[in-house]
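# Topology and contacts: notes
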Amino acid sequence: MLELYTDKMMNRGMAVEDPQSASKILWLDEIQHAVNEANKDMDKAKQWVTLVVDVNQFLEKEKQSDILSILKSAVGNTNDVMPECADRYYDTLAKAKEQKSKNVSTEGSWLKLNLQEKYDYYYNIDSKESSWVTPESCLLKESWLMGKEIEDIIEEVTADYIREKMWSATEDMLLCFQAATSGPLLRKEYEARKSFLYEQEEHVTKIQAFWKGHKQRASYMHRRQMFIDNIPSVVKIQSWFRMVTARKNYLSRLQYFRDHNNEIVKIQSLLRANKARDDYKTLVGSENPPLTVVRKFVHLLDQSDLDFQEALEVARLREEVVTKIRGNQQLEKDLNLMDIKIGLLVKNRITLEDVISHRTKLNKKKGGEMQILNNTDNQGIKSLSKERRKTLETYQQLFYLLQTNPLYLAKLIFQMPQNKSTKFMDTVIFTLYNYASNQREEYLLLKLFKTALEEEIKSKVDQVQDIVTGNPTVIKMVVSFNRGARGQNTLRQLLAPVVKEIIDDKSLIINTSPVEVYKAWVNQLETQTGEASNLPYDVTTEQALTYPEVKSKLEASIENLRRVTDKVLNSIISSLDLLPYGLRYIAKVLKNSIREKFPDATEDELLKIVGNLLYYRYMNPAIVAPDGFDIIDMTAGGQINSDQRRNLGSVAKVLQHAASNKLFEGENEHLSSMNSYLSETYQEFRKYFKEACNVPEPEEKFNMDKYTDVVTVSKPVIYISIEEIISTHSLLLEHQDAIAPEKNDLLNELLELLGEVPNVESFLGEGAVDPSDPDKVNTLNQLAKTEISLFLTSKYDIGDGEAVDGQSLMIKTKKLIIDVIRNQPGSTLSEILETPASTKQEIDHAADMVSRAVLDSRTPEDMKHSQSMVEDAQLPLEQKKRKIQRNLRTLEQTGHVSSKNKYQDILNEIAKDIRNQRIHRQLRKAELEKLQQTLNALNKKAAFYEEQINYYDTYIKTCLDNLKRKNTRRSIKLDAKGEPKGTKRAKPVRYTAAKLHEKGVLLGIDDLQINQFKNVTFDISSTEDVGIFDVRSKFLGVEMEKVQLNIQDLLQMQYEGVAVMKMFDKVKVNVNLLIYLLNKKFYGK
């Protein structure tokens, strides 16, 4: 209170200090006035304290009924408090206090009142003390309503109530008054206000914008504060609502998908197909396919169980085809020999027992003796010893070198005499290439043909026509191969329909020889009349053409010839695609080689040479003798008659003239009417021959190169007899200087490792042949035909740490990259190599390698990868990446890849491998189908040979039945199988040399005069073996020498035209008369 008084006095003193004041001293009345003012302020402060404390405590107690008594006692003007507003007072005050309390975190017990905006009054509600100066540690109670706030609320509530009552009481009267008197005024005010607002539109807009902004900010802040105060609840509400919305949308979408399941499947398959198609187009068509596309297709490089099964099936069929070809060839040779023997039997030149012996041999071969013997798998060269294994591997490397480097065999062919080279080609070379039973071997065989043909043209052809007039070795080999088992189906498809039509046409008669037509006409006349004709029997061509009947028949034959020739020509021209690719490629090589050596040769000359190969050498013989080339099916004992043969020969003759553009002249002048036809046909042939040479190179056709063997699943294998291995080894050593003149040549290294040529016993191993076997030589000769399988490998396979070429390192690096990109994603190879692999990627990679190891364990030995590649595959992912980086640096130094394009070159190579893998699978399926077709054709041919053998059996049994009914000097007993069981030995005969010389059997004896022949005797006796005779010579009774004669050997000499032979190396005898003597004395013939 003292502070208030003092302050009042000071205020009065400051007022006295006015310059106009008369004195600076406070008078008593001024002091009394200051004291009265201070007392009034004190009363006012107490009244304020009472109001604030009572109201706030009442509100905290929440006693609504006592609000009027408290307000009336505390408020100075009690008229302002109306009982009707008691509830409104309470509600408004409670809301105001609640709102004020929300923003207060901490508060004290002091109340603060500002009087006259000058004095501050402080009151402590707990201790009841008051002060006009700020107390120490004063903490205000901010949650309570102050006096001014309470009075304003009461005044506002009371005014609202009074206004409401006033408007309610006079509402009708006001409305009438307003309607009657205030309308014009209001309209005037409205218009004035409206005009004012339009004039102040810019300011109005700003005010409204400011006000709206203020209200919006206030609303936003209020709303924001509410959200902040209720964050947990908001999060829950939002999560619940989002959950409900998401679930509703999900269920609705799911139901929609279920209702349209079929459409969705189609759309998805279409989109996936389009995506896969686009990716594949990128892989195939893009010059630099991205890594993301390559990764999608690397699984195509995996070898599945189906791949292995197909590869094994191809290998099995290839082995069976090769074996069947060799068996059929041997059966064909034996059947031809059987034909000769039966022919000699018919002429009483050999005994029936000789024929029966050969028949027994045939039946054994028919029963399966020609199958590959497997008894060498665990002994001989394939025995499990280090030395034998090394020899086997060296032979495998030798034949791999010969197979893949055609220059060696090409040189060897021309080093041998032609008769030996032909046999060598028919056996060893075709065996080495498995008769081109798959794509790889056909490719390599064509490379050999190409190299050998170029060598032959370069060294042996002096004129363009030498190819036509001579008999080139390579051309003969090519034609023989393409007419063999693989090309036989082509010839059948090409010619069989038209040839069969010509043969089946019984009314077709084509005879273009005027003399033969004349003789047939004379015979017809005499047959019809039964009287001898007055026409001459022997006439010339010119004389025969003078008869109208001959001319008319000749013209009819020429017309038929044109008609039939057109059919054959159309069949050939329209079937160009059926022509073997290998034959067409060799025709292309032949044409290019001749053009290179003889640049002045015309296109017609070159095409005639092509025609000589394609038509004359390949097709023409099959047309003339379709039965000899298996073009048509013939039954055993069946044959083409002379008229059919002549018809086919006439057609072949016309086509031969047309292919060589040779007109009918000279002795064929009578056929000159066909010359215009020949010219037209030649133009057709010319187009055909030109188009036939339009073929791709083998590398493109078979999708192969010199590195193909490194990436193929299975090792190449050949099936070759021991005899052929020994023969090849011997020939290579014999001509080693000419084939490999350089000392450091790979061939010389392999031959040096092999050493001398081994014999058959060393291949078969000890114990294969009984040393005491009297027929050991024949047994060895038979076992020499035993076939063994050689898995060909290069001596210089890829090995880790070796100095390998860039391409080989590229292959190893590609395999490592494929393993890495399967498990680690990335847009570029550099990014993948630089990014460390995660633990999950390492685990996935290890699982992939385990799966591969399981697959490799089921893989046959000959189809497994090299050891170095297997070891690389087992490396962890990070080690593989480091090895890839090292390899890439090496490849970059060799120029194979470049880091500038992020090693895109090696990705392009992987993409190429993926494309090639698809082509390889397609080719393998085609090869499998082709092998099955070839095997079926070979089985049919074998069945035909067996039918012929049965036919011969029937013939020989008939001979035996006839023989049993005759009384001959030798009796033949038959066992249960119809075979001769025992015979009586004929007595030996003795002749002097003089007697034999008199009979003409003996022609002379070296170093002995004719008058001394009487001192020489010869004793001839038959042995236990049928057809074998012992001949002993004696001089003056002293036995000198003994030789054995084989009747079959003598008959073979007679068949081959050998008239004179030597016995004892000095006695010359006549072969024909010796056979006659033996037949007469021992067979009673």
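Keep in mind that what you see is a predicted model, and the values were worked out from it rather than measured. Residue positions within a chain follow its written sequence, with the count starting from 1. The model is predicted, so local features are restricted to residues of pLDDT at least 70 and side-chain atom pairs to those at 80 or more, both for listing and for counting; the totals for chains, interfaces and linings are taken over all residues. With hydrogens and water stripped out, all remaining heavy atoms of the structure feed into the side-chain values.

## Concerning the overall build of the chain
Under the convention used in this document: For the purposes of this entry, the term helix denotes a DSSP run of H or I that reaches at least four residues, the term strand denotes a run of E that reaches at least two, and both are numbered from the N terminus. Burial status follows relative accessibility: with a 1.4 Å probe on protein chains alone, a residue under 20% of its type maximum counts as buried, one over 50% as exposed, and anything between as partly exposed. Contact definition: two residues touch when any of their heavy atoms are within 4.5 Å. Surface exposure here means Shrake-Rupley accessible area, sampled with a 1.4 Å probe, where a residue is shielded only by the protein chains that are shown.
Along the backbone of the chain there are 42 helices and 12 strands. Within the span of the chain, comprising 1085 residues, buried residues form 40% of the whole. Look at the contacts in the chain between residues 6 or more apart in sequence, and 71% of them connect residues 24 or more apart. Counting every atom, the chain has about 61,600 Å² of accessible surface; 51% of that belongs to carbon and sulfur.

## Let's talk about the pairing of strand β10 (residues 1038–1046)
Note the cut-off: When DSSP finds at least two bridges between two strands, those strands are taken to pair.
Pairing of strand β9 (residues 1028–1035) with β10, which is carried by eight bridges, proceeds in the antiparallel orientation. Across the sheet, residue Ile1028 finds its bridge partner in β10, namely Asn1046. Hairpin remark: β9 followed by β10, antiparallel, with two residues in the connecting loop; positive phi at Leu1036, about 55°.

## Quick notes on a nonpolar patch on the surface
Stated formally: A patch consists of residues whose relative accessible area exceeds 30% and which take part in no salt bridge; residues with like charges are grouped when within 9 Å of each other, and nonpolar side chains (Val, Leu, Ile, Met, Phe, Trp, Tyr) when within 5 Å. Each reported salt bridge corresponds to a side-chain nitrogen of Lys or Arg within 4 Å of a carboxyl oxygen of Asp or Glu.
Taken together, the side chains of Trp240, Phe241, Met243 and Val244 present a nonpolar region at the surface, about 410 Å² in accessible area. Of note, Met243 is situated in helix α8 (residues 231–259). Residue classification places Met243 among the partly exposed positions, given a relative accessible area of 35%.

## A few points about the confidence of the model for the chain
Definition in use: Each residue carries a pLDDT score, the predictor's confidence in it, ranging from 0 to 100.
Put simply, the chain has an average pLDDT of 76, and 78% of its residues get 70 or more. Ranking the elements of the chain by mean pLDDT puts helix α12 (residues 352–369) last with 51 and α8 first with 93. Note on residues 366–378: pLDDT is under 50 here. Beyond four places in sequence and across chains, it has 23 contacts. Contacts for the low-pLDDT stretch residues 797–804, under 50 throughout, to residues beyond four places or in other chains number 13 contacts.

## Observations concerning the sheet that holds strand β7 (residues 1002–1005)
To keep things clear, this is the line we draw: Working convention: axes come from line fits to C-alpha atoms, limited for helices to the stretch in contact. Angles between N-to-C directions cover 0 to 180 degrees.
Read across the sheet, three strands follow the order β7-β12-β11 without closing on themselves; strand pairing throughout is antiparallel. The outermost strands of the open sheet, each flanked by one partner alone, are β7 and β11 (1060–1063). Taken over all neighbouring pairs, the strand axes of this sheet differ in orientation by 25° on average, direction set aside. Here helix α42 (residues 1071–1082) sits on the sheet in contact with β11 and β12 (1067–1070), set at roughly 75° to β12.

## Side note on the pattern of salt bridges
For the structure on display, the rule yields 18 salt bridges. The salt bridge partner of Asp504 is Lys500, with a shortest N-O separation of 2.9 Å. Linking Asp504 with Lys500, this pair stays in helix α19 (residues 485–504), spanning four residues, or about one helical turn. For Asp504, a relative accessible area of 42% translates into the label partly exposed. The exposure class assigned to Lys500 is partly exposed, which follows from its relative accessible area of 46%. Across the salt bridge formed by Glu878 and Lys881, the nearest N and O atoms sit 3.0 Å from each other. Remark: Lys881 and Glu878 occur in helix α38 (residues 877–894); sequence separation between them is three residues, near one turn of the helix. One network of salt bridges, with partners in common, ties together Lys275, Asp279 and Lys296.

## Re the side chain of His845
Assignment of secondary structure puts His845 in helix α36 (residues 839–857). Judged by its relative accessible area of 2%, His845 is buried. When sequence neighbours within four positions are dropped, the list of residues in contact with His845 reads Asp819, Asn823, Leu875, Pro876, Leu877 and Lys880.

## Description of helix α26 (residues 675–692)
Short version of the rule: How far a helix is expected to stretch is found by multiplying one less than its residue total by 1.5 Å.
The end-to-end C-alpha distance of α26, which contains 18 residues, comes to 25 Å, matching closely the 26 Å that a straight helix rising 1.5 Å per residue would cover. Packed against the buried residues of α26 are α22 (548–573), α23 (581–597), α24 (603–624) and α25 (642–659).

## Details of unusual backbone geometry
A negative phi holds for most residues other than glycine; trans holds for most peptide bonds. The phi dihedral of Asn661 falls on the positive side, at around 55°, and the residue is not glycine. Counting through the fold element by element, Asn661 comes out in the loop between α25 and α26. By relative accessible area, which is 32% here, Asn661 ends up partly exposed. Of note, Tyr903 is a non-glycine position whose phi angle comes to about 60°, a positive value. Along the polypeptide, Tyr903 turns up in the loop between α38 and α39 (904–964).

## A short note on the packing of α22 against α25
Rules: Angles below 35 degrees are treated as roughly parallel, those above 145 as roughly antiparallel, those between 65 and 115 as roughly perpendicular, and all remaining angles as oblique. Crossings are classed by handedness, with left-handed meaning an anticlockwise turn of the near helix from the far one by less than a right angle and right-handed meaning a clockwise turn. For this classification, Asp, Glu, Lys and Arg are treated as charged, while Ala, Val, Leu, Ile, Met, Phe, Trp, Tyr, Cys and Pro are nonpolar and the rest, including Gly, are polar.
Look at α22 against α25: their axes get within 10 Å of each other, and the N-to-C directions meet at 65°. Taken together, the axis directions place α22 and α25 in an arrangement best described as roughly perpendicular. Two packed elements cross with a definite hand, and for α22 against α25 that hand is right-handed. Mapping the contact onto sequence places Leu561, Val564, Thr565, Val568, Leu569 and Ile572 in α22 and Ser650, Val651, Val654 and Leu655 in α25. Broken down by class, the residue content of the contact of α22 with α25 amounts to eight nonpolar, two polar and no charged.

## Description of α23
Its 17 residues give α23 an end-to-end C-alpha distance of 24 Å, which sits within 8% of 24 Å, the value for a rise of 1.5 Å per residue. Of all 17 residues that make up α23, 13 are buried, and the element is covered over most of its length.

## With respect to the packing of aromatic side chains
Any aromatic ring pair is given by two values, namely how distant the centres are and how the planes are angled relative to each other. Put simply, the test is: Between 30 and 60 degrees the pair is tilted, below 30 it is stacked and above 60 it is edge-to-face, where a pair is any two Phe, Tyr or Trp rings, Trp via its six-membered ring, whose centres lie within 6.5 Å. Either the NZ atom of lysine or the CZ atom of arginine qualifies as a charge over a ring when it sits within 6 Å of the ring centre and within 35 degrees of the ring normal.
Counted under the stated rule, the structure contains 10 aromatic pairs. The ring of Tyr581 has Lys701 lying over it, and the distance from NZ or CZ to the ring centre is 5.3 Å.

## Some remarks on the pairing of β12
Alignment of β7 against β12, held across three bridges, turns out to be antiparallel. The residue of β12 that forms the bridge with Ile1005 is Val1067. Across four bridges, the pairing between β11 and β12 is antiparallel. Counted as the bridge partner of Lys1062 is Lys1068 from β12. Counted along the chain from β11 to the antiparallel partner β12, the turn is three residues long, and its residue Phe1064 has a positive phi close to 60°.

## Digging into the packing of α22 against α26
At a minimum axis separation of 11 Å, α22 and α26 run at an interaxial angle of 10°. Here α22 is positioned roughly parallel relative to α26, judged by the angle of their axes. Within the contact between the two elements, α22 uses Arg562, Thr565, Asp566, Leu569, Ile572 and Ile573 and α26 uses Tyr677, Thr681, Glu684, Phe685 and Tyr688. When grouped by side-chain class, the residues that make up the contact of α22 with α26 number six nonpolar, two polar and three charged.

## A word on the side chain of Ser830
By secondary structure assignment, the location of Ser830 is in helix α35 (residues 829–834). Its relative accessible area of 17% is what places Ser830 among the buried residues.

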